[in-house]
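Below, each chain spelled out in residue letters.
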Amino acid sequence: MLNAQDATTSTPTIIRREDYIPPVYWIDSVDLTFDLDPAKTRVLNRMRIRRNPDVAAQPLRLHGDELNLARVLVNGGGTSFKMDGNQLVLENLPEGNEPVELEIFTTCAPIKNTKLMGLYVSQGTFFTQCEAEGFRRITYFLDRPDVMASYSVTLRADKSLYPVLLSNGNLVEQGELEGGRHFARWVDPHKKPSYLFALVAGNLVAREQKIKSRAGRDHLLQVFVRPGDLEKTEHAMNSLMASIAWDEARFGLSLDLDRFMIVATSDFNMGAMENKGLNVFNTKYVLASQSTATDTDYANIESVVGHEYFHNWTGNRVTCRDWFQLSLKEGLTVFRDQEFSMDMAASPSARAVKRIEDVRVLRTAQFPEDAGPMAHPVRPDSYIEINNFYTLTIYEKGAEVVRMQHNLVGRDGFAKGLALYFERHDGQAVTCDDFAQAMADANPGSELAQRLEQFKRWYSQAGTPHVHATGSYDAQARSYTLTLTQSCAPTPGQGEKLPFVIPVQTGLLNRNGQPLALRLQGESSPAAESRLLVLHEASQSFVFTDIDEQPVPSLLRGFSAPVVLESDTSDQDLLTLLAHDADAFNRWEAGQRLALGIALNAIADSTITTSAGGQIEARLLPPSFIEAMRGVLRHAELDAAFKELVLTLPGESYIAEQLEVVDPQRVHAVREAMRLQLATELQADWQWAWEAHHDTGAYRPDPLSAGRRALSGLALGMLCLAAQATGDEVWPGRTLQRFKDAGNMTDRVSALSALVNSGHPLAAKALARFHSQFQHDALVLDKWFALQAGACDRGGNVLPAVKQLMKHADFQIKNPNRARSLIFSYCSANPGAFHRADAAGYVFWSERVIELDAINPQVAARLVRALDRWKKLAEPYRTAAREAIARIAAKPELSNDVREVVTRALAAD
Ligand code: B3K
Ligand code: ZN
């Protein structure tokens, strides 16, 4: 694999999956010595390499990036070498298959590294980030995941500035050096690809925990943070211990290291990184205290700590052959972290809440990706910059592809498949085919084994399939025929799509909402009240017998496949499902479908007009919907968390996705009108909900009390919204008081958000107070920025506020968390404010993309994605968006990251 940039022509190279060839050399061992200095770090790299006998002899081409090369020695002596672009080419290595000692001495400048890839400095501490191709920014190497080596690492640094020196594996030696310096030597007992290398050096403190695994082995767990943050690490440590116990209990996978370390940094491009034995985390996913972190933060910490820990097997013990296989580790590990969170949630309804949250992410963010210019298969065929492919498709859709395999072979069958996968591939770098094959082989006779090749189209075909369902009841034959038809629209580079294997978990209800026993034609007796139908042809019919009345179908229960379900289900049937479905996911889904139907009708109805201020006065929600929502809100048995999800209307992006042509202001106005009507017509019920749920006692982040806080928070928002319409001052006043008195960050942020989003003048006072109270806590300040940038737009007031905040003393564009909290919260998460008829939002966006690209291309390329769906926009938005993208594309000095995304966005215009 070559570098993505050809230095002579500056044409980015397209990397293709079909071009894969194994490495010309293997690297058996690497011994690295670092003399750490922010301005000039010296790196001595001693490798033992040998020719790969399976590949024709060729020169060794080592990857490098922004390195200063000082010396190359082969078997202790000088050698000739040349540079080809960024690559170091060695043409005269000794012939034969004997191991060769290769020594390379380079320097780099971590303090200048604003890309946060490779070795960099964050608040005086050294960190590394190597996935996907950051190791080449540390030393010359075969920086590809199928080259797995044994690492030993010596770190040398000033002792007072960098008292803690960490790398992967076990600490085997440490001691003093002259001039106030010291050293530590680490040896990793496991072979690993270069992307899993890590080092950390700085002034850090650790929470420590000794544990004994089920297998009887002793382990030391450590969570390192900056001094002062130690008391905020309890939840992360608990999450780590829970993850270790869960992986042993559910899959029989034990921790294979004596020491497992997590280190937090506030400058990080993503959430966290699974370096072997030395995970590096964004502080956002480590630090938590009730006064600074919300329930969502607590849940995210548990999930991300779990995710990175689970990579220790799915990713680290068995890794990817090449980066096209990224979903092999990411899809599988997301599936595992989702299951972990569900198992931790324990109650069936809390499990359903987690599933709904995951599906909401998939549908609001991955489905648009799958329908836009960046659409790619779960296993892509080509890329220019691999960092652009750490996407929702690889992660979230990839997890759904694993979940479908789970659905097709069952829970025990899945565990058997995973066991076979490790039996076959432990210590190897493999492909998505190897995973699916192990699942199928461990479950002979299963639907997966029978249709494996066809199932694998989920890996190769991009786009979200649509499943159209129609039902017909035959009273005479007492049978119900369900016909499922699938289709998938073309995506860039893929015109024709072949049928997928789609597991559709199905139930039937009678008119009273009671479940019916399901007997398919030809079966001797009913099997169950819910069963898995497997759609594998373009169209198939399933005939249920012994059905006494026209049933209400409940399809795709638990969201058993990542598809768009289109059905002619009547509103009456949806109301029955909302009230009675035994499947909590579909109960929620019925409410969402009702709301979506109302929104889409209103958007299309030209008789529903908007006032000069952008508001819709008409009442859009019919009494039946209001009553159904009241029924859920007041329900005696449903969990508060579930109620909160049902009472939250589908988001603007999700509504927009259902439209051919999108007027974002119209979508915003319709959804706001629906929200206001829900707020006013259920005012007494919201008041009840607030009174009944807001006192949650001593703070605990468990699902039950978090659910009560979520519902009371929603209620407060609705009460402030209603108050704004009526001019009532009681609720805003109470909300301000709640904001001041809140005993935890969840309640404080809910109250602040209620004031900000209702546009009440008290919001300014509350924001100022919040800032002065939390100005020294970076993660809380991020919330302060995000809340303002994500606020409900009133007459275009958000963009001027965002521009003002860009000038705030606490705003630093170089810090990815801060950039995300302000710029992304506005451009990517606030469509009603971002899409302005005067195009000012797009101008702001293009300027920020260009500004960020010079600092951190990965973050900049993410921001470009905010206008992925520009072609769907109505005028004048469409032309203005296109111009903004073209303005970026016209810049000659763009990174490959940004260039690839803007080029795809403009393609086939
Ligand atoms: N594997 C890392 C992501 C690395 C992203 C590189 N651009 C974190 C994770 O998925 O667990
Ligand atoms: Zn991951």
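In this report, we go over the structure that sits alongside the text. Keep in mind that what you see is a predicted model, and the values were worked out from it rather than measured.

For the structure shown, the criterion picks out 65 salt bridges. Among the salt bridges present, the one from Asp-218 reaches Lys-212, with a minimum N-O distance of 3.2 Å. Across this residue pair, the class does not change: Asp-218 and Lys-212 are exposed. Residues joined by salt bridges that share partners form a network here, namely Asp-31, Arg-46, Arg-71, Glu-103 and Arg-185.

This part takes up the site of ligand 1. In the neighbourhood of ligand 1, 14 residues make up the surrounding shell, with Glu-131, Glu-274, Glu-308, Asn-387 and Tyr-395 lying closest. Within the contact set of ligand 1, a nitrogen atom lies 2.5 Å away from a side-chain nitrogen or oxygen of Glu-131. Starting from 340 Å² of accessible surface for ligand 1 in isolation, the protein chains cover 95%. The set of elements that each furnish at least two residues to the shell around ligand 1 consists of strand 21 (272–273), helix 2 (295–310) and helix 3 (326–345). Considered class by class, the residues forming the shell around ligand 1 number 5 nonpolar, 4 polar and 5 charged.

This part takes up unusual backbone geometry. The step from Glu-131 to Ala-132 runs through a cis peptide bond, and the omega angle for that step is 0°. Structurally, the position occupied by Ala-132 is in the loop between strand 11 (125–129) and strand 12 (148–158). For the bond running from Glu-875 to Pro-876, omega is 10°, close enough to zero to count as cis. Within the secondary structure, Pro-876 sits in the loop between helix 26 (857–864) and helix 27 (877–889). Located in the positive-phi region is Glu-66, a residue other than glycine, with phi close to 55°. Summarising the element assignment, Glu-66 is placed in the loop between strand 4 (60–62) and strand 5 (68–74). Residue Gln-123 is not a glycine yet carries a positive backbone phi of 45°. Secondary-structure assignment places Gln-123 in the loop between strand 10 (118–122) and strand 11.

Its place among the elements puts Ala-475 in the loop between strand 26 (466–474) and strand 27 (479–487). In this structure, the C-alpha to C-alpha distance between Ala-475 and Arg-899, residues 424 residues apart in sequence, is 61 Å.

Our focus in this paragraph is the sheet that holds strand 4. Taken together, 3 strands build an open sheet; the order of strands is 4-8-7 and the sheet is antiparallel. Of all the strands in the sheet, just strand 4 and strand 7 (82–84) have a single pairing partner and so form its edges. Pairwise comparison of adjacent strand axes, ignoring direction, gives a mean angle of 30° for this sheet. The pairing of strand 7 with strand 8 (residues 87–90) spans 3 bridges and is classified as antiparallel. Bridge pairing in strand 8 places Lys-82 opposite Val-89.

A separate point is the coordination of the zinc ion (ligand 2). Put simply, the ideal angle at a metal is 109.5 degrees for four donors in tetrahedral geometry and 90 or 180 degrees for six donors in octahedral geometry. Looking at the zinc ion (ligand 2), the protein donor atoms are His-307 (NE2), His-311 (NE2) and Glu-330 (OE), and they sit 1.9 to 2.0 Å from it. For the zinc ion (ligand 2), all donor residues lie on one chain, and their spacing in sequence is H-x3-H-x18-E. One exposure class covers both His-307 and His-311, and it is buried.

This next bit is on the pairing of strand 22 (residues 278–282). Buried residues dominate strand 22, accounting for 5 of its 5 residues. Residue alternation in strand 22 divides its side chains into two sets, Leu-278, Val-280 and Asn-282 and Asn-279 and Phe-281, and both sets are buried. Bridge analysis of strand 20 (residues 259–265) against strand 22 gives 5 bridges, and the strand direction is parallel. Bridge pairing in strand 22 links Thr-265 to Asn-282.

In this section: the environment of Val-200. Mapped onto the fold, Val-200 is located in strand 17 (residues 199–202). Under the relative-accessibility criterion, Val-200 is labelled buried at 0%. Remark: the alpha-carbon pair of Val-200 and Val-661, spanning 461 residues in sequence, is separated by 50 Å. With residues near it in sequence (within four places) discarded, Val-200 still touches Thr-125, Phe-126, Phe-127, Leu-155, Val-164, Leu-165, Leu-166, Val-263, Leu-278 and Val-280.

Here we take up empty space enclosed by the protein. In total, this model carries 4 cavities of 30 Å³ or more according to the counting rule given. Put simply, the largest cavity is a space of about 110 Å³. Every element with two or more residues in the lining of the largest cavity is listed here: strand 31 (552–554), strand 32 (564–567), helix 10 (571–580) and helix 11 (584–604). Considering each element in turn, the lining of the largest cavity owes the most residues, 4 residues, to helix 11.

Moving on, we get to the packing of aromatic side chains. Counted according to the given criterion, the structure contains 36 aromatic pairs. Between Phe-135 and Phe-141 the ring centres are 4.8 Å apart and the planes differ by 80°, which places this aromatic pair in the edge-to-face class. Here Phe-135 matches Phe-141 in class, with each residue buried. Put simply, the rings of Trp-246, Phe-251, Phe-260, Tyr-309, Phe-310, Phe-335, Phe-340 and Phe-414 touch in pairs and so form one group of aromatic residues. It is Arg-321 that lies over the ring of Tyr-20; its NZ or CZ is 3.8 Å from the centre. Lying over the aromatic face of Trp-731, Arg-734 brings its terminal NZ or CZ to 4.3 Å of the ring centre.

Criteria and thresholds
Residues numbered from 1 in each chain as written. Chains lettered and ligands numbered in written order. Predicted model: local features only at pLDDT ≥ 70, side-chain atom pairs only at ≥ 80, totals over all residues. Heavy atoms only, no water. Salt bridge = Lys/Arg side-chain N within 4 Å of Asp/Glu carboxyl O. Buried < 20%, exposed > 50% of the residue type's maximum accessible area, 1.4 Å probe, protein only. Near = heavy atom within 4 Å. Polar contact = N/O pair within 3.5 Å; in protein donor to acceptor, adjacent residues only side chain to side chain. Areas by Shrake-Rupley, 256 points an atom, 1.4 Å probe, with all protein chains shown as cover. Helix = DSSP H or I, 4+ residues; strand = E, 2+ residues; numbered from the N terminus. Nonpolar A, V, L, I, M, F, W, Y, C, P; charged D, E, K, R; others polar. Pairing = 2+ DSSP bridges. Axes fitted to C-alpha atoms, helices over the stretch in contact; angles between N-to-C directions. Donors = N, O, S within 2.8 Å, 3.2 Å for Na, K, Ca; no water. Contact = heavy atoms within 4.5 Å. 1 Å grid on protein atoms, 1.4 Å probe; cavity = no way out; pocket = protein on both sides within 12 Å on 5 of 7 lines; lining within 4 Å. Points joined across faces, edges and corners; volume = space filled by probe spheres on them. Phe/Tyr/Trp six-rings, centres within 6.5 Å; stacked < 30°, edge-to-face > 60°. Lys NZ or Arg CZ within 6 Å of the ring centre and 35° of its normal.

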